[in-house]
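Below, each chain spelled out in residue letters.
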Amino acid sequence: MTEFFMGLGLSYEMAWGLSTICGILLIAFPLMLGVAMIIYADRKIWAAMALRKGPNVVGPLGLLQSFADGLKVFLQETIIPTAANKGLFLIAPIITFTVALLAWAVIPFNSGAVLADINIGLLYVLAISSLGVYGVVIAGWSSNSKYPFFSAMRASAQMISYEVSIGFILICVVLWAGTFNLNDIVKAQQSHVWIINGFVANPLLFPMWVMFLISGMAETARAPFDLTEAESELVAGYQTEYSSMAFALYWLGEYANVLLMCALNAVLFWGGYLPPLDIPVLYLVPGFVWLLLKILFFFFIFSWVKATVPRYRYDQLMRLGWKIFLPTSLLFVVLVSGYLMATGHFA
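All figures in this text were calculated on a predicted structure; none of them were measured in a lab.

Give me the lowdown on the overall build of the protein chain, citing residues and values where you can.
When helices and strands are tallied, the protein chain shows 12 helices and zero strands. Helices and strands in the protein chain line up, N terminus first, as α-α-α-α-α-α-α-α-α-α-α-α. Taken against the 2.2 N^0.38 rule, which gives 20 Å for 347 residues, the C-alpha radius of gyration of the protein chain at 21 Å falls within 12% of a compact globule. Expressed along its principal axes, the backbone C-alpha trace of the protein chain runs to roughly 65 × 60 × 40 Å. Looking at the protein chain alone, contacts between residues at least 24 apart form 74% of all its contacts between residues at least 6 apart. Here the protein chain displays about 16,600 Å² of accessible surface, and carbon together with sulfur accounts for 72% of that area. Here the protein chain contributes 16 positively and 17 negatively charged side chains, and the mean placements of these two sets differ by 11 Å.

Shown next, in the form of structure tokens:
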């Protein structure tokens, strides 16, 4: 795209800047539209599993329900508590929403179709996702209310706990692929086991995917790990005092993070933009279509779990993270590295 703008007579710097802005918009606008539709799909899945209809009035089949909800929230008044720290109170949802979008910069949608094809893409995702906890903590503290503050402390402990096990899980993927570049990680999964494209077919990496999927639910505070908004204890969580667009930013950020976790499941373990099987005819389907289908599949799993699994207690949540996932993921780091060294993979 830079070459296209340079062909119009622009300097390299201006052409690069315009191409970067276009790339950001090509990701941000479809992502926002996808978030709106995925909220609708989420509600439809829950309704179907509870033998209800779900949204079905606004627009054909209720497809415009998310946009109507967005308009309603946009027209509401933004109320700031009297004793709140106004500056931090307003900037907290902006941090959460912005961080949720930044991580998509390194997700490869097809071979070479990535906004920032950097060699440390996986480290970038880890760094950006860990920043999300600041939006949560600042919201709870700046509200000057004990229930949002308790929820923020609980959320930060939950996110940090599961980031540790996620880190060890990703080490296994990096060891096998030999790179932190997400595009190269996808390419390393081609015909990984027989004709299957994906690390998930590897007996040593399949348990890591299961743990990554569950840790992703805990990291994004999705059910059954939504302890940050346990109704009977914490009212509505760290965003209790928020209204209007400030609340909507948390809402959108949550679903953008869920979609990001679905995308990472697909990219790191299920071949990303590659077809499920290494069969020539399947490559006729564009890579971004395969990635989209995999993201939708994992989102269905997220919704299925939320509709059917009861909420964990907080002590169960912490025990799962620290006493089960952490030692297990550390054990598999030893097993994977030992196997790779024994087979001469590092030679």
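Explain a nonpolar patch on the surface to me, using residue names and the numbers behind them.
On the surface, Leu88, Ile91, Ile94, Trp141, Tyr147, Phe149, Phe150 and Met153 cluster together into a nonpolar patch covering about 720 Å² of accessible area. Secondary structure elements with two or more residues in the nonpolar patch: α4 (86–102) and α6 (146–177). The biggest single contributor to the nonpolar patch is α6, with four residues.

Please give an account of the pattern of salt bridges that cites residues and values.
The tally for this structure, following the rule as stated, stands at five salt bridges. Here Asp42 and Arg222 are joined by a salt bridge, their closest N and O atoms 3.1 Å apart. Of this pair, Asp42 sits in helix α2 (residues 12–49) while Arg222 sits in the loop between α8 (206–219) and α9 (231–234); the two residues are 180 residues apart in sequence, bridging distant segments of the chain. Accessibility assignment for this pair places Asp42 and Arg222 in one class, buried.

Definitions and cut-offs
- Residues numbered from 1 in each chain as written.
- Predicted model: local features only at pLDDT ≥ 70, side-chain atom pairs only at ≥ 80, totals over all residues.
- Heavy atoms only, no water.
- Helix = DSSP H or I, 4+ residues; strand = E, 2+ residues; numbered from the N terminus.
- Rg over C-alpha atoms; globule rule 2.2 N^0.38 Å.
- Contact = heavy atoms within 4.5 Å.
- Areas by Shrake-Rupley, 256 points an atom, 1.4 Å probe, with all protein chains shown as cover.
- Lys, Arg positive; Asp, Glu negative; His and termini not counted.
- Charge placed at Lys NZ, Arg CZ, Asp CG, Glu CD.
- Patch = residues over 30% accessible without salt bridge, like charges linked within 9 Å, V, L, I, M, F, W, Y side chains within 5 Å.
- Salt bridge = Lys/Arg side-chain N within 4 Å of Asp/Glu carboxyl O.
- Buried < 20%, exposed > 50% of the residue type's maximum accessible area, 1.4 Å probe, protein only.

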